[in-house]
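Descriptive structure summary
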Amino acid sequence: MTTRRCWQQRAVLAALLAALAGLTWRKWGDPVVDFGCELYVPWQITQGKHLYRDMVWLGGPLAQYGNALAFAVFGVSLTTLIWVNLALLALLTELIRGYFARCVSPLAGLVAGLLFLSLFAFGQYGPLANYNYIAPYRHEPIRGVLLAVGALHAATHAWSLQAENNPRAARRVGWWMGISGLLFGGVCLTKLEIALAAGLALLAGFVVGMARLGVHGQAGWKLPGWFLGGMLVLPVGFVAYLALHMPLPLALRGTLGNLATVVAANPAQQAFYRQVLGLDAWAQHVTDITTGCGIAGLAGLVVLGGERWLPHRWHPAAALGGALLSGGLAYCFVPWERFAKPFPVFLALTAVGLVSAVKQETDRDRLCRRWLPLLMWNLLALVLIGRLGLAVRMYHYGFVLAFPAFLFLATMALFVLPAVLRGQPSGTGMLTSGVAAGFLLACVTAHLQLAFDHYGKKTQPVGSGGDRLLTYGPRWTPVGQVLAETTAGLGQLLPPEGTLLVLPEGIALNYWLRRTCPTSLLAFDPYYLAAGGGEAAVVAELERHPPDVIALTRRDMREYGVGWFGEDPNYGRQVMLWVLRRYEVAQVFGEWEDFGVVLFRRRAADR
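Values in this document were obtained by computation on a predicted structure and should not be read as measured data. Numbering of residues begins from 1 in every chain and follows the order in which that chain's sequence is written. The model is predicted, so local features are restricted to residues of pLDDT at least 70 and side-chain atom pairs to those at 80 or more, both for listing and for counting; the totals for chains, interfaces and linings are taken over all residues. Processing note: side-chain calculations cover all non-hydrogen atoms of the structure and skip hydrogens and water entirely.

**A short note on the environment of G297**
Strands are runs of DSSP state E lasting at least two residues, helices are runs of H or I lasting at least four, and both sets are numbered from the N terminus onward. As for its placement among the helices and strands, G297 is situated in helix α13 (residues 282-309). On a C-alpha basis, the gap between G297 and L213 in space is 36 Å, while along the polypeptide they are 84 residues apart.

See below:
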């Protein structure tokens, strides 16, 4: 691909990114659920606090300390995070484009970038606005997947250089392996599941590269050495930095202990995570997977039959007709909320095919430029989507965990499979490409309509200045208006330098008012409560550091299998009893049954 064509593709992707950002400007992020932590934590780090020592945190340190560095350099505001995330989103899109452009075709790279931006980067397919790449529920997954794609990019480039088998290229192989290791080390400081997925993909690259390229002798230990050396840089650096501010065991646990925190919280016993994995209704999910595989298999047989038996002169017309028919049927009848459930089956089948292609390929350059990168991406996608269990989807956590699978399968259907068919005497691949293009166009159209239906309802501002975001207007929900009123009321009620505790969730109020939370636990959903030591630990901490004001929000936690905080005997009762003994109601905002906030101040005897 010429440099000019490459920059033309980048311009198209940049234009789409800018258009989607402008149309959804400041309508990302939920003002109550999750996203407030992504503002509060980096702000507190700039104030001298640290993860793990002062704030309970279940992920790695890289994303939050990176955001804190951005706050320190460019100022503490939501605007800072917006521009940083837009820049990193552009980088991720370019990495996706470049990866598929190199291993499939330039057009495949452009299409992959367009699909990623249209469906995943700015998507909102439910009431919560936390599943996008600008204001996510957590920054760890979006930083982790960026680094994982970068690590695969660097590794595949290294293997391509190794395949050239000349001294000049050989000198650069080690550097690219070191870069891949450096980026993978960063992945290990984000989320466990992303580290496992990237690790398996990179390991497959090493196994295939070392075996098929005949790497042995001195090079046989130098390449892993470069990778391991790069991989240790960031983890060792973070351990050393955190150890300056906390005991070494705590620094080690925080830096590399995502697994330990997961075990402590025991998500397998949490109703929320059983629902995420589809274990709550496994029979229905298995039925959906079987049905989806059957429909896809039948459609595939029809398309392949058309490729084989239709005369070649009819193929262009058949491709157009197939695109219109598949697009119309998909738009009208596909249940988009569950159409991705068969993806793991498809990925497993393509993995088998790619392993066979890797074994049979005799051209070293073609092996390292096409089949090995595709196999590595396939494995990355398969492990990531496995995190969703039986309930694979593109919405919710699927905005990170399902996008590699979707882009891979779309590329295979649009470009790789048609190319294979063109190599057969009886096929052209045109009908296959046409049917796949029609389906993808229907998919993009349906999802954009759903997303902009949600975005169009967001007219209520919350926060001010650089922290302003837009949420649903009063016509749809009172949450935004009540929070705006609560922020104003807290500004009058809180004494100078006073502390604020929000139960069970809504720490964005602390951030907007620039008031600290006196507890190390920042959210009080059942999962975080379990990870933070339970309610007894929270009560003990409140005894040591009682807040000046407590805000109780009406946050529905039924997805966790519990009732309202403080009302359910198994959820928040100990904490609320402590509150009611020492605090009295000062103000109430909103209607409690719809959405309300109750402000408590300390009783006169406890001041």
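**As for unusual backbone geometry**
A cis amide bond links L503 with the next residue in sequence, P504, at an omega value of -15 degrees. Its location among the elements puts P504 in the loop between β3 (500-503) and α21 (508-513). Even without being a glycine, D34 presents a positive backbone phi close to 70 degrees. Counting through the fold element by element, D34 comes out in the loop between α1 (3-23) and α2 (35-46). Under the scheme applied here, a residue whose accessible area is under 20% of the maximum for its type counts as buried, over 50% as exposed, and between as partly exposed, the area being computed with a 1.4 Å probe on protein chains only. By relative accessible area, which is 16% here, D34 ends up buried. Residue E497 is not a glycine yet carries a positive backbone phi of 65 degrees. The topology assignment puts E497 in the loop between α20 (479-493) and β3. With relative accessibility at 76%, the residue E497 sits in the exposed group.

**Thoughts on the environment of G230**
For G230, the location among the structural elements is in helix α9 (residues 218-243). Distance in space between the C-alpha atoms of G230 and R143 is 18 Å, their sequence separation being 87 residues. With residues up to four places along the chain from it excluded, the contact list for G230 reads G178, G181 and L182. Contact between two residues is taken to exist if any of their heavy atoms lie within 4.5 Å; hydrogens are not considered.

**Notes on the pairing of strand β5 (residues 583-591)**
Here, any two strands with at least 2 DSSP bridges between them count as paired. Note that β5 and strand β6 (residues 595-602) share eight bridges and pair antiparallel. Across the sheet, the residue bridging to Y583 is R602, located in β6. Hairpin connection, β5 to β6: the antiparallel pair is bridged by three residues.

**Digging into the packing of helix α18 (residues 403-422) against helix α19 (residues 430-455)**
Direction vectors running N to C along α18 and α19 enclose 160 degrees, while the axes themselves pass 9 Å from each other. Our classification of the angle between α18 and α19 gives roughly antiparallel. In the packing of α18 onto α19, the handedness of the crossing is left-handed. Of α19, the residues touching α18 (which contributes F406, A410, A413, L414, L417, P418 and L421) are T432, S433, A436, A437, L440 and C443. Residue classes follow a fixed rule: Ala, Val, Leu, Ile, Met, Phe, Trp, Tyr, Cys and Pro count as nonpolar, while Asp, Glu, Lys and Arg count as charged, and any other residue, Gly among them, counts as polar. Considering only residue class, the contact of α18 with α19 consists of 11 nonpolar, two polar and no charged. Axis definition: a line fit to C-alpha positions, over the contact stretch in the case of helices; interaxial angles, taken between N-to-C directions, run 0 to 180 degrees. Roughly parallel here means an angle under 35 degrees, roughly antiparallel means over 145, roughly perpendicular means 65 to 115, and every remaining angle is called oblique. For a crossing to be left-handed, the near helix must be turned anticlockwise from the far one by less than a right angle; the clockwise case is right-handed.

**Describing the layout of surface pockets**
Here the idea is plain: a probe the size of a water molecule rolls over the atoms and shows the empty space left. Grid points spaced at 1 Å over the protein atoms alone were grouped into cavities, where a 1.4 Å probe fits but cannot get out, and pockets, open sets with protein on both sides within 12 Å along at least five of seven lines, with lining residues defined by an atom within 4 Å of a point. Grid points are joined across faces, edges and corners, and a volume is the space filled by probe spheres set on the points. Taken as a whole, the largest pocket holds about 1,900 Å³ of empty space. Contributions of two or more residues to the lining of the largest pocket are made by α13, α14 (315-333), α15 (343-360), α18 and α19. The element best represented in the lining of the largest pocket is α13, accounting for 14 residues. Residue composition of the lining of the largest pocket, by class: 37 nonpolar, 10 polar and two charged.

Take it as geometry only, folks, not as evidence of what the structure does.
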